[in-house]
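One letter stands for each residue in the lines below.
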Amino acid sequence: MIFRRPPALANWLLDRLGCTRRNPALAGDLLEEFRSGRSAAWYWRQTLVVVANGISNSGAGLRPYLLALSAAYVAQFVVTLALWSRNSPHALHVSGWTKFGVWLLMQFVYWGYESLVNQLVVGTRSPNLTQMYCAVEGDAPRSTIVALAAYQSFSLGLASYCLCALIFPRFSLPGLVAAEMTWFVLWVFAPALKRPPALPAETVEDEQPWLAIPQSEPVLAVILPSGRTITLERQSLARSVFVAADEDLIKVVFGHRRSLELLRRVIWLGGRRSLSYIQERAESLSLAELAALIEETARTKSIIEAGYYPNRRESFRQRLKLWFCGDSA
Amino acid sequence: MVLLALIRLGEDAYGVPICHEIEKRSGREAALGSVYAALERLEEKGLVTSRLGESTAVRGGRAKRYFRVTAQGVRGVRQTQRALTNLWRGLPELDQGLA
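In this text the structure is predicted, and so the values were computed from the model without any measurement. All residue numbers here refer to positions counted from 1 along the written sequence of the relevant chain. Note on labels: chains are lettered from A, ligands numbered from 1, in written order. Side-chain atom pairs in this predicted model are given and counted only at pLDDT of 80 or more, local residue features only at pLDDT of at least 70, and totals for whole chains, interfaces and linings cover all residues. Remark: hydrogens and water are excluded; side-chain values derive from all non-hydrogen atoms of the structure.

**Quick word on the overall build of chain A**
Short version of the rule: Secondary structure elements are defined from DSSP: runs of H or I of at least 4 residues count as helices, runs of E of at least 2 residues count as strands, and each element is numbered from the N terminus. Remark: exposure states derive from per-residue accessible area (1.4 Å probe, protein chains only) relative to the maximum for the residue type, with buried under 20%, exposed over 50%, and partly exposed in between. We call two residues contacting when some pair of their heavy atoms lies within 4.5 Å. The method behind every accessible area is Shrake-Rupley, applied with a 1.4 Å probe, and residues are considered shielded solely by the protein chains displayed.
Each helix and strand counted, chain A has 15 helices and two strands in total. The burial tally for chain A puts 38% of its 329 residues in the buried class. Sequence-distant contacts in chain A: of pairs separated by 6 or more residues, those separated by 24 or more amount to 76%. Per element, the accessible surface of chain A, about 18,400 Å² overall, is 62% carbon and sulfur.

**A short note on the environment of A:S58**
Residues and elements named next belong to chain A. Examined against the element boundaries, S58 turns out to sit in helix α3 (residues 40-61). Using a relative accessible area of 24% as the deciding quantity, one classes S58 as partly exposed. Residues S58 and L17, spaced 41 residues apart in sequence, show a C-alpha to C-alpha distance of 9.1 Å.

**Topic: the side chain of B:T70**
Turning to its location among the elements, B:T70 is positioned in the loop between β2 (63-69) and α4 (71-88). Exposure remark for B:T70: the relative accessible area of 18% places this residue in the buried category.

**Examining the packing of aromatic side chains**
All names here are of chain A. As a reminder, the rule being used: Put simply, two rings from Phe, Tyr or Trp (the six-membered ring, in Trp's case) pair if the centres are within 6.5 Å, and we call them stacked under 30 degrees between planes, edge-to-face over 60, tilted for the rest.
Under the definition given, this model contains seven aromatic pairs over all chains. Geometrically, the ring pair formed by F34 and Y43 is edge-to-face, given 5.2 Å between the ring centres and 65° between the ring planes. Accessibility expressed as a relative area gives 0% for F34, which makes it buried. On the basis of relative accessibility, which here comes to 2%, the residue Y43 falls in the buried class. Taking 5.2 Å as the distance between ring centres and 35° as the angle between the ring planes, the aromatic pair formed by Y65 and Y133 counts as tilted. Placement of Y65 in helix α4 (residues 63-85) and of Y133 in helix α6 (residues 129-133) is noted, with a sequence separation of 68 residues between them. Residue classification places Y65 among the buried residues on the basis of a relative accessible area of 4%. Through a chain of ring-to-ring contacts, three or more aromatic side chains come together here, namely W97, F100 and W103.

**Here's the deal with the packing of helix α2 (residues 24-35) of chain A against α3(A)**
All names here are of chain A. Selection rule: Between N-to-C directions, angles span 0 to 180 degrees; the directions come from axes that are lines fitted to C-alpha atoms, helices contributing only their stretch in contact. Roughly parallel here means an angle under 35 degrees, roughly antiparallel means over 145, roughly perpendicular means 65 to 115, and every remaining angle is called oblique. Should the near helix be turned anticlockwise from the far one by less than a right angle, the crossing is termed left-handed; should it be turned clockwise, right-handed.
In the contact formed by α2 and α3, the axes pass within 10 Å of each other and the chain directions differ by 165°. On the basis of their axis angle, the class for α2 and α3 is roughly antiparallel. The interaxial crossing formed by α2 with α3 has right-handed handedness. On α3, the residues that touch L26, L30, L31, E33 and F34 of α2 are A40, W42, Y43, Q46 and V50.

**Considering the nonpolar core**
What counts is decided by this rule: The nonpolar core is taken to be a set of buried Ala, Val, Leu, Ile, Met, Phe, Trp, Tyr and Cys residues, with the residues joined through side-chain atoms within 4.5 Å.
Judged by nonpolar contacts, the single largest core of 33 residues is most densely connected at A:L30, B:L3, B:L6 and B:I18. Elements with a contribution of two residues or more to this core: α1 (8-17), α2 and α3 of chain A together with α1 (2-9), α2 (15-26), α3 (32-44) and β2 of chain B. With six residues, α3(B) is the largest single contributor of residues to this core. Counting 27 residues, the second largest nonpolar core, distinct from the first, contains A:Y133, A:A140, A:A149 and A:W183.

**Quick look at the confidence of the model for chain A**
Here is the rule: Each residue carries a pLDDT value, the predictor's own confidence for that position, ranging from 0 to 100.
Averaged over every residue, the pLDDT of chain A is 69; the share at 70 or more is 58%. For the stretch residues 242-260 of chain A, pLDDT sits under 50, and the model shows 37 contacts to residues farther than four places along the chain or on other chains.

**Re unusual backbone geometry**
Residues and elements named next belong to chain A. A cis amide bond, omega -5°, links S88 with the succeeding residue P89. Note that P89 resides in the loop between α4 and α5 (96-122). Even without being a glycine, N87 presents a positive backbone phi close to 55°. Among the structural elements, N87 can be located in the loop between α4 and α5.

Here you go:
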């Protein structure tokens with residue numbers, strides 16, 4: 001039995017915006033339902049609901065932070081508007097190369113100044129303020145982080161305006177508003193909403209996790225450069241991975257985002273909790289051998305694609321289908 | 001609705017059966033994301049508790065999260081039932097069968 005794969009694009013959205021990385025049970029429920037016969041359209045509908053909830057939750061959690069950013073940007077816009085109405089600062093009447101030099105110099109000056117302020121306030125030159133606000137890392141108080149974010153929002157907008165005013169001839173009011181809106185969305189608001197990293201994985205109370213993989217689970221087929229196909233059987237694969245389930249191997253495997261789902265699942269199942277139990281039964285591939293096999297698998301993506309879609313156009317079509325519709329029932 | 005579905009399902013209540021139960025009883029499609037959002041809110045209020053269960057291959061190795069109604073949750077459901085009954089009682093339109 002080969003399990004259907006859900007639309008890859010929907011999965012990506014779930015992971016990035018739906019917070020399913022923080023709530024693996026929800027991702028598992030969606031997958032279980034999809035594999036019990038629900039359509040790709042159903043999966044997409046569910047995805048959109050989860051994403052909407054995820055954005056709403058993130059927005060609610062970050063509300064004071066986002067409010068401070070927005071308020072500072074509005075204040076900056078008022079100051080910018082006053083400067084614009086007085087045609088200040090005046091545009092430089094120099095050659096294009098000189099303007100480029102000024103632009104480059106201003107970038108460095110601004111970057112250095114921002115780094116200095118950040119270092120003084122939160123102790124790091126390029127902080128991820130969203131993460132710090134969510135108390136994922138760093139120990140600066142939230143009020144300090146909010147104040148720094150507001151200051152960055154203000155100074156970034158003002159510096160961008162001054163730079164444009166120096167380089168370009170006087171621009172119209174709609175042009176100024178459009179530029180301000182673009183800066184706000186692209187440079188201030190969108191990065192501020194960037195999802196904080198996942199929480200540490202939860203431990204599952206399961207003494208024999210590999211038994212959760214049914215006997216009918218597909219084997220892992222690996223195509224070597226010589227063209228030979230190696231088949232790793234369910235149990236030997238599980239044991240191999242469990243034996244070597246240390247952090248280095250997991251890094252190797254997760255480094256290849258295209259690795260087969262089975263392998264990811266097996267490694268996930270072989271969590272630290274069950275490691276000692278499994279080690280007693282293990283005898284299989286070494287860490288280096290397994291890493292080499294994974295390398296090969298990642299290169300060929302999957303045996304299905306390598307075997308059935310040798311034609312490039314067909315391969316592209318299939319990839320698009322996987323992105324939007326997943327595997328057919 | 002989510003609390004009632006949880007009470008009906010008993011010990012085996014995780015996302016998928018809860019969703020099925022709501023769909024079966026209400027006749028409408030329920031989104032898993034919305035059910036989870038409701039469950040998280042209920043858990044924050046202490047009306048339900050959850051524990052991680054087993055993982056299966058069909059779930060991509062992800063564990064199930066089983067939910068259970070707490071005593072406070074049951075009290076909340078009863079209170080809501082009483083409130084609804086009080087609101088329902090004595091409505092002239094419903095008594096005359098107009099609605």
